[in-house]
Amino acid sequence: MNLSNLKPAVGATRNEKRVGRGTGSGRGGTSTRGHKGAKSRSGYSKKSGFEGGQMPLQRRVPKFGFKNINRVEYKSINLDVLALLTEKDSNASTLDAAYFVNAGLVSKNAKVKILGRGEITKAVEVHAHAFSKSAVEAIEKAGGKAVTL
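Values in this document were obtained by computation on a predicted structure and should not be read as measured data.

### Topic: the overall build of the protein
- Looking only at helices and strands, the protein has four helices and six strands in total.
- If you list the helices and strands of the protein from N to C, you get α-β-α-β-α-β-β-β-α-β.
- For 149 residues, the compact-globule estimate of 2.2 N^0.38 gives 15 Å, and the C-alpha radius of gyration of the protein, at 33 Å, exceeds that figure by more than 25%.
- The principal-axis extent of the C-alpha atoms belonging to the protein is close to 95 × 60 × 20 Å.

### What about the side chain of Ser 40?
- Position of Ser 40 relative to the elements: it lies in the segment before helix H1 (57-60).
- The exposure class of Ser 40 is buried, given its relative accessible area of 18%.
- Only 2.7 Å separates the side chain of Ser 40 from the backbone oxygen of Gly 37, close enough to count as a polar contact.
- Apart from residues lying up to four places away in sequence, Ser 40 is in contact with Arg 33 and Gly 34.

### A few points about the nonpolar core
- Among the nonpolar cores identified, the biggest contains 19 residues, and Leu 82, Phe 100, Ile 114 and Val 126 are the most heavily contacted of them.
- Counting residues per element, the ones that place at least two in this core are helix H2 (79-88), helix H3 (97-102), strand E3 (111-115), strand E4 (125-128) and helix H4 (133-141).
- Top element by residues in this core is H2. It accounts for three residues.

### Section: the sheet that holds strand E6 (residues 145-148)
- Taking strand neighbours across the sheet as the criterion, the three strands line up as E2-E4-E6 in an open arrangement whose pairing is parallel. The two strands at the open ends of the sheet, each matched to only one other strand, are strand E2 (94-95) and E6.
- Sheet topology note: the E4/E6 ladder contains four bridges and is parallel. Bridging across to E6, Glu 125 finds its partner in Lys 145.

### Some details on the UniProt feature "domain: Large ribosomal subunit protein uL15/eL18" (unreviewed entry) in the protein
- Feature annotation in UniProt assigns "domain: Large ribosomal subunit protein uL15/eL18" (unreviewed entry) to the following positions: residues 77-147.
- The span residues 77-147 is 35% helix and 25% strand, and its two end C-alpha atoms sit 15 Å from each other.

### Some remarks on the environment of Asp 80
- You can see Asp 80 is positioned in helix H2.
- The class for Asp 80 is partly exposed, based on a relative accessible area of 25%.
- Separated by 37 residues in the primary sequence, Asp 80 and Arg 117 place their C-alpha atoms 6.4 Å from one another.
- When sequence neighbours within four positions are dropped, the list of residues in contact with Asp 80 reads Arg 117, Gly 118 and Glu 119.

### Considering the pattern of salt bridges
- If you walk through the whole model with that rule in mind, you get three salt bridges.
- Ionic pairing is found between Arg 71 and Glu 73, a salt bridge with its closest N-O pair at 2.9 Å.
- Glu 73 gets classed as exposed once you look at its relative accessible area, which sits at 53%.
- Across the pair Arg 117 and Asp 80 runs a salt bridge, and its minimum N-O distance is 3.0 Å. A residue pair is termed long-range when its members are at least 10 positions apart, and Arg 117 in the loop between E3 and E4 and Asp 80 in helix H2 qualify at 37 residues.

What counts, and at which threshold
- Residues numbered from 1 in each chain as written.
- Predicted model: local features only at pLDDT ≥ 70, side-chain atom pairs only at ≥ 80, totals over all residues.
- Heavy atoms only, no water.
- Helix = DSSP H or I, 4+ residues; strand = E, 2+ residues; numbered from the N terminus.
- Rg over C-alpha atoms; globule rule 2.2 N^0.38 Å.
- Buried < 20%, exposed > 50% of the residue type's maximum accessible area, 1.4 Å probe, protein only.
- Polar contact = N/O pair within 3.5 Å; in protein donor to acceptor, adjacent residues only side chain to side chain.
- Contact = heavy atoms within 4.5 Å.
- Core = buried A, V, L, I, M, F, W, Y, C linked by side-chain atoms within 4.5 Å.
- Pairing = 2+ DSSP bridges.
- UniProt positions renumbered as here; feature names shortened; annotations may be inferred.
- Salt bridge = Lys/Arg side-chain N within 4 Å of Asp/Glu carboxyl O.

Below is the structure:
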């Protein structure tokens, strides 16, 4: 036995009934489409959300809110997290986006914002896309540097 002589079991398959072949085909003159209406016509395609002429749900429900397409989403990292990173890795003098990615804090393409919760004691150079005022003050007070990308 090999793949070339495999066949389905006897009676497992049937020929498909071909529609649109006249009244003698067993499907009648309408070819299983019924009488009249949009679905009986050639070229019919149902529009998404169409409810047969009734006002669709998408148009019935009141609209509200606003989505700002220019909004910039930042992944926030607080100073206490930076302090933990510097304690674990005593050689770290610069903390940049690649460092945060390797530490598992942010994804590769995320924009990073440093926030001011907690304290940092070690002087480190922090590279990020944005900083809060309190974070910049705390980093510079510790002898470090806040570099905006």
